[in-house]
Amino acid sequence: MIKHVLKLLWNKKASNALMILEIFLSFIVLFFVLSYVFFNLGKVNQPLGFETIDIWKIQLDGVEQRDSLEAVTTLQNLKTELLSMEEIEAVSFTESIVPFQNSQWRTGSADNGFQMTTLLVPVDEDLKKVMGLNITEGRWFNEDDLNSSMKPLIVNQEFIDRYYPNKSMVDSTFILNGDRKIIGVIDQYRYIGEFEENHPTVLSIAPYFQNMSAVLLKMKGNTPTAFEEKLSQRIANTTKSTGNVIVDLEKERIENSRESWVLIIALLAICGFLCLNVALGLFGVLWYNINKRKAEIGLRQALGANGFDITKQFILEILVLTGIAILIAIFFTIQIPLLKVTEYPNSLFYKSIGFSTLIILILVTICALFPSVQAAKITPANSLHED
Amino acid sequence: MIKLKNIKKVYRTKTIETTALNDIDLHVPKGEFLSIMGPSGCGKSTLLNIIGLLDAPSDGNILVAGKSIKNYASKETSRFRNEKLGFIFQSFHLIPDLSVLDNVELPLLYRSISSKERRTLAEEALASVGLANRKSHFPSQLSGGQKQRVAIARAIVGNPEIILADEPTGNLDSVMGDEIMGILTKLNKEEGTTIVMVTHDERMAKKTDRLIRLYDGSQVA
């Protein structure tokens, strides 16, 4: 039967080419949308490396622009004030590079025998306690590190994997704007956002009272939102400014990801709409073809085909066409991982090819099923006289 | 070979009831060449469809080789048509997208035989109607007479016991018609194939063993 179907399709190749093209294009669109979605979902599914629940962020109003002595005093007083509040468990001061704020500091060096690019985040020694960072090797910063002759750094695992794979780098030195010593490794610190890739990242220690413009607070569980007003008042009194902004980090995480989610949902919706259109198109074409071929169906029944044979033939026809379209589409799409056109992992594209194939096959089978079953119900006596 | 007992066929719509066949009793012995004549709309094709199990009677019974086929399931009916019957139609009903050889192979497609054997049998059938050299052609490249010969090859390729021909010469000129009639007669005489043929052509009907006439759904002669 398959040989017979192939002959039938080959002899109608001109009209079938359009259907193949339609399925091919659908596959290509589906492949790219799914690749984009899988890539982003892959990032979202990776841990951020820090906690966001019960973490509040305070954006200080112009403290760093004050006279340096006044700024230091203000920050020292602020830390004392904040720690005196029983709702606050820990306090960490940072520069403007804080989670979900779209600010980043990128630096690099070619002095280690290869080109190195990394994100740099100045932090104080309390960041680990506030954000719940996970040290996988070595240790976290302590106060002595501020006065260390060789500036200590903590790097993330991605930094190690990218630049020093399969090596233990704790207590090793390298050059990055001067000699640096790695004292510890954290698993992740994806502070830019959930949809951001896991870049090599370096944390450097800085005294909390210098050039700091933001504060991260580890709050006690279930701290009421009303506390924000009391906190705001206390900060305003200490910094002598009312322009400070307090944000719940979890809310900011959701807000930060919203734009990316909207894009993903929009793409999936457009893709779904495209699939629906393709499905309706296929359904219409099949329905039309079957009606046009009523006499042939009647003839086949007269010659001994039963209902199952008729259904099988029409489903087989569309599945063979779909198979051809999918094979052509796979030939083109598989070049992306094979030729390593992008830096994205190959598994992402293989997964997209697999899912695109599955979705197209399911869609086509559903569309073919109803018209094919209806074709089997055509009575030969009537259809043979319609021609 | 074929026995029809009190066959009735009534077409019903919401407002009208039309009797297409009324109490038809017919016996076609094995090896007979029977022709059915009558004016248009008298029920000739309906009768042929009922004999060919393409349509079910509203009442009555059909016996083939002594067996009632009234209670045949759909699959059994299909198998019966495939193994015992061959059909020839006025408008040939060749599939335009298949070559002559593939068209002839069609009935064998629904039997469990290899493609090689199918091809051999189809080539033999084509040779028997004198079209061995046209096997790669498509129906659109053939004359009316050649198309009907392909249809005959398709009808005989499965070696059926009965051939049902619905106005096989209706679309052909007299020379072509005679040629087709010659092939059918040869099949009947030499192979012993039972043939039931519906025709409008008195001249063709006279070449058969027996003629029955229908008028308004009833057998009148």
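All values derive from a computational prediction rather than experimental measurement.

Hey, could you go over the overall build of chain A for me, with residue numbers and the actual values?
Along its length, chain A carries 12 helices and 11 strands. A globule of 387 residues ought to have a C-alpha radius of gyration of about 21 Å, yet chain A, at 32 Å, is considerably larger. Principal-axis analysis of the C-alpha atoms places the extent of chain A at approximately 100 × 55 × 30 Å. Every one of the 387 residues in chain A was classed for burial, and the buried ones make up 34%.

How would you sum up the interface of chain A and chain B? Please name residues and give values.
Interface size, as often reported, equals the accessible area lost upon joining of the parts. Contact with chain A, which involves 21 residues of that partner, is made by 23 residues of chain B. If you list the elements that add at least two residues to the side of chain A that touches chain B, you get α1 (2-11), α8 (294-302), α9 (307-333) and α12 (380-386) of chain A. Across the side of chain A that touches chain B, the residue classes break down as 10 nonpolar, five polar and six charged.

A description of the packing of helix α2 (residues 13-45) of chain A against helix α7 (residues 249-292) of chain A should follow, citing residues and the corresponding values.
Residue and element names in this part refer to chain A. One way to put it is that α2 packs onto α7 with a least axis distance of 10 Å and a crossing angle of 160 degrees. Taken together, the axis directions place α2 and α7 in an arrangement best described as roughly antiparallel. Handedness of the α2/α7 crossing: left-handed. Across from Met19, Glu22, Ser26, Val29, Leu30, Val33, Tyr36, Val37 and Asn40 in α2, the residues of α7 making contact are Ser260, Ile264, Leu267, Leu268, Cys271, Leu274, Cys275, Val278, Gly281 and Val285. For the contact of α2 with α7, the class distribution of residues is 14 nonpolar, four polar and one charged.

Now, about the sheet that holds strand β10 (residues 218-219) of chain B: what can you tell me, with residues and values included?
All names here are of chain B. In spatial order, the strands read β6-β7-β8-β3-β9-β10; together these six strands make up an open sheet with mixed pairing. Either end of the sheet is taken by a strand with one partner, and the two such strands are β6 (85-89) and β10. Of the strand pairs in this sheet, strand β9 (residues 210-215) and β10 are connected by two bridges, and their pairing is antiparallel. Of the residues in β10, the one forming a bridge with tyrosine 215 is serine 218. This element, helix α6 (residues 174-191), spans β3 (33-37), β7 (162-166) and β8 (194-198) of the sheet and lies at about 150 degrees to β8.

Could you give me a rundown of the sheet that holds strand β4 (residues 59-64) of chain B, with the residues and numbers involved?
Residue and element names in this part refer to chain B. Pairing within the open sheet is antiparallel, and its four strands lie in the order β2-β1-β4-β5. The sheet is open, and its two edges are formed by β2 (17-28) and β5 (67-68), each paired on a single side. Relative to β4, strand β1 (residues 2-12) runs antiparallel, the two sharing five bridges. Among the inter-strand pairings, isoleucine 2 is bridged to a residue of β4, identified as valine 64.

Which residues make up α2 of chain A, and what values go with them?
All names here are of chain A. Here α2 contains 33 residues, and its C-alpha end-to-end distance of 45 Å stays within 8% of the 48 Å for a straight helix at 1.5 Å per residue. Looking only at α2, the buried set comprises Met19, Ile20, Ile23, Phe24, Ser26, Phe27, Leu30, Phe31, Leu34 and Ser35. Each element contacted by the buried residues of α2 is listed here: α7, α9 and α11 (346-376).

Can you tell me about the environment of lysine 43 of chain A, naming the residues and giving the values?
Residue and element names in this part refer to chain A. Position of lysine 43 among the secondary structure elements: in helix α2. Since 16 C-beta atoms lie within 10 Å of it, lysine 43 is described here as partly exposed. Placed 263 residues apart in sequence, lysine 43 and asparagine 306 show a C-alpha to C-alpha distance of 53 Å. Those residues in contact with lysine 43 that lie beyond four places of it in its chain are Glu194, Phe195 and Glu197.

Kindly report on the nonpolar core, identifying the contributing residues and their values.
In summary, soluble globular proteins display a tendency toward joint burial of nonpolar side chains. Counting residues in hydrophobic clusters, the biggest one holds 101 residues, and the most contacted among them are Phe27 of chain A together with Val104, Leu126, Ala153, Leu164 and Val196 of chain B. Contact partners of phenylalanine 27 of chain A, with chain neighbours within four places excluded, come to Ala325, Ile326, Ala329, Ser356 and Ile360 of chain A. Core analysis: the next-biggest nonpolar cluster, separate from the first, contains 50 residues, Val121, Phe141, Tyr189 and Ile235 of chain A among them.

Explain unusual backbone geometry to me, using residue names and the numbers behind them.
Of note in this structure, phenylalanine 100 of chain A is not a glycine but carries a positive phi near 60 degrees. Phenylalanine 100 of chain A sits in the buried class, given 22 other C-beta atoms within 10 Å. Of note, the phi angle at asparagine 159 of chain B is positive, near 55 degrees, even though the residue is not glycine. Take asparagine 159 of chain B: it is sitting in the loop between α5 (144-156) and β7.

Outline the pairing of strand β4 (residues 116-123) of chain A, supporting the account with residue identities and numerical values.
Regular strands show a simple pattern: their side chains alternate between the two faces of the sheet. Residues and elements named next belong to chain A. Burial analysis of β4 places six of its eight residues in the buried class, which makes it a mostly covered element. Both strand β3 (residues 106-109) and β4 contribute to a ladder of four bridges, which runs antiparallel. Residue pairing for β4: arginine 106 is matched across the bridge by leucine 119. Between β3 and β4, which follow one another and run antiparallel, lie six residues, and glycine 113 among them has a positive phi close to 95 degrees. Pairing geometry for β4 and strand β9 (residues 201-205), over five bridges, is parallel. The residue of β9 that forms the bridge with leucine 119 is threonine 201.

Quick notes on the rules
- Residues numbered from 1 in each chain as written.
- Chains lettered and ligands numbered in written order.
- Predicted model: local features only at pLDDT ≥ 70, side-chain atom pairs only at ≥ 80, totals over all residues.
- Helix = DSSP H or I, 4+ residues; strand = E, 2+ residues; numbered from the N terminus.
- Rg over C-alpha atoms; globule rule 2.2 N^0.38 Å.
- Buried ≥ 20, exposed ≤ 12 C-beta atoms within 10 Å, placed from the backbone.
- Contact = placed C-beta atoms within 7 Å.
- Nonpolar A, V, L, I, M, F, W, Y, C, P; charged D, E, K, R; others polar.
- Axes fitted to C-alpha atoms, helices over the stretch in contact; angles between N-to-C directions.
- Parallel < 35°, antiparallel > 145°, perpendicular 65-115°, else oblique.
- Left-handed = near helix turned anticlockwise from the far one by under 90°.
- Pairing = 2+ DSSP bridges.
- Expected span 1.5 Å × (residues − 1).
- Core = buried A, V, L, I, M, F, W, Y, C linked by C-beta atoms within 7 Å.

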